[in-house]
Amino acid sequence: KILITSKSFGQVSDQPLKLLNEAGMNIEYYNKEFDEMEFRKRLKECSGLIIGSHPLTEGAVKEAPELRIVCKHGTGLDNIDLEIMERYKVKVDNVPAVNSNAVADLAFSLILDVARKTSCAAKSVKEGSWEKVFGVNVYSKNLSLIGFGEIGKNVARRAHGFSMKVFVYDPFLSVLPEEFKDYVKPVSLEEALSVADFLSVHVPLNHQTQNLICLKELNMMKRGSFIINTSRGGIINETDLLAALLSKHIAGAGLDVLEKEPPNKDYPLLKLQQVTITPHMGMYSFESINDVSMIAARNIIKYLSQ
Ligand code: NAD
């Protein structure tokens, strides 16, 4: 028996579900508003779990003695405590890389949007205005990437088409792959911050990266620069970001992820024109959701067939 709690699993085609059915899996969906007790009840007799972004608690795992594998429907494993899973001998899997083009597209669209204020201007036209809105060029500017994994690399490839100079801070990058040598420069965090016209964050959320960008780091950026986060809420401190935006030190922000999702209606960042917020939809292209769902299904089948 498999429990699926990711809202988007199989949303764009029935192929992944077919795959699980053909492998003889008995599938249960639980993709309504998340309730821990209801979730625990449903997980009790399951051998496999395809999980979205809600937390997987020790209590839930403890009450599910049959559970052998959890596969994240996506990349970031920050909602799963790997030590707990090891203790209960539950295998943890994810689906890396396949959503990286979709997330990179969104990150780049946020770069363009905060630079040219596209979504803001489009909204004002629908409200009856025809005022021109000034922006800044993206072409040939400096882009700093924090994290140079699958998504960071795909953002760099897009930036190259805009003749941007790309600076990368990633302490785990031992060798810069040949394809990037002409236009990507590995630098320290300080240099990445200080040279950026645009800064885009692509690291996992963990103890090292939580609050990686606070007021001190924002103040090291140029006045008038922009910041993009399609990674996870909590990596950029949002109270500090708000202060940097209000003082106009940071000219704008494009955020696909927030510390609290969804935010409260009166959340201050929602009220700023220079901030574009999207609903954590980085991997939501038809192609990406289908590919991620198919691979998650295959991972579960492979492990449970052993
Ligand atoms: P990845 O594992 O390929 O790359 C992460 C990179 O971050 C690695 O190169 C790693 O060396 C680097 N890194 C780790 N700690 C660092 C630190 N302290 N400082 C600088 N660099 C550090 O992952 P990816 O596929 O590129 O995804 C990155 C993150 O994007 C995921 O962890 C996930 O949280 C997020 N994500 C968001 C969406 C969305 O819908 N918005 C979708 C997929 C992934």
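So, here is what we can say about the structure in this document. Model, not experiment: these values are computed from the prediction. (Residues numbered from 1 in each chain as written. Predicted model: local features only at pLDDT ≥ 70, side-chain atom pairs only at ≥ 80, totals over all residues. Heavy atoms only, no water.)

1. Notes on the environment of A156
Tracing the chain through its elements places A156 in helix 7 (residues 150-161). Note on A156: relative accessible area 0%, which makes it buried. Expressed as a C-alpha distance, the spacing of A156 and F39, which sit 117 residues apart in the sequence, is 40 Å. Residues contacting A156, with those up to four places away along its chain left out, are L145, F148, V166, F180, Y183 and V184. (Helix = DSSP H or I, 4+ residues; strand = E, 2+ residues; numbered from the N terminus. Buried < 20%, exposed > 50% of the residue type's maximum accessible area, 1.4 Å probe, protein only. Contact = heavy atoms within 4.5 Å.)

2. Structural notes on the side chain of N94
Within the element layout of this structure, N94 appears in the loop between strand 5 (91-93) and helix 5 (100-116). Classification of N94 by relative accessible area gives buried; the value is 18%. Among the polar contacts made by the side chain of N94, one reaches the main-chain carbonyl oxygen of T75 at a distance of 2.9 Å. Setting aside its immediate chain neighbours within four residues, N94 contacts C71, K72, G74, T75, L77 and N299. (Polar contact = N/O pair within 3.5 Å; in protein donor to acceptor, adjacent residues only side chain to side chain.)

3. Comments concerning the packing of helix 1 (residues 15-22) against helix 11 (residues 286-304)
Helix packing for two helices is described by the angle between their axes and how far apart those axes are. Here helix 1 crosses helix 11 at 10°, and the two axes come no closer than 8 Å. Taken together, the axes of helix 1 and helix 11 lie roughly parallel to each other. The residues of helix 11 that touch helix 1, namely those facing Q15, P16, L19 and L20, are N290, S293, M294, A297, R298, I300 and I301. Each residue belonging to the contact of helix 1 with helix 11 can be placed in one class, and the counts come to 7 nonpolar, 3 polar and 1 charged. (Axes fitted to C-alpha atoms, helices over the stretch in contact; angles between N-to-C directions. Parallel < 35°, antiparallel > 145°, perpendicular 65-115°, else oblique. Nonpolar A, V, L, I, M, F, W, Y, C, P; charged D, E, K, R; others polar.)

4. Structural notes on the packing of aromatic side chains
Scanning the model with the defined rule gives 6 aromatic pairs in all. Ring geometry for F34 and F39: centres 5.4 Å apart, planes at 55°, overall tilted. Judged by relative accessible area, F39 falls into the buried class, the value being 0%. Ring geometry for F198 against F226: centres 5.2 Å apart, planes inclined by 15°, an arrangement best described as stacked. In this pair, F198 sits in strand 9 (residues 198-201) while F226 sits in strand 10 (residues 225-229), placing the two residues 28 residues apart along the sequence. (Phe/Tyr/Trp six-rings, centres within 6.5 Å; stacked < 30°, edge-to-face > 60°.)

5. As for the sheet that holds strand 6 (residues 142-146)
Here 7 strands make up an open sheet; going across it, the order is 8-7-6-9-10-11-12 and the pairing parallel. Edge positions in the open sheet fall to strand 8 (184-186) and strand 12 (275-277), since each of these has one partner strand only. Taking each pair of neighbouring strands and ignoring which way they run, the sheet shows an average axis angle of 15°. Of the strand pairs in this sheet, strand 6 and strand 7 (residues 165-169) are connected by 5 bridges, and their pairing is parallel. Residue pairing in the sheet places L145 in a bridge with V168 of strand 7. In the packing of helix 5 onto the sheet, contacts are made with strand 6, strand 9, strand 10, strand 11 (250-255) and strand 12, and the angle to strand 10 comes to roughly 150°. (Pairing = 2+ DSSP bridges.)

Any functional reading would require information that these geometric values do not contain.
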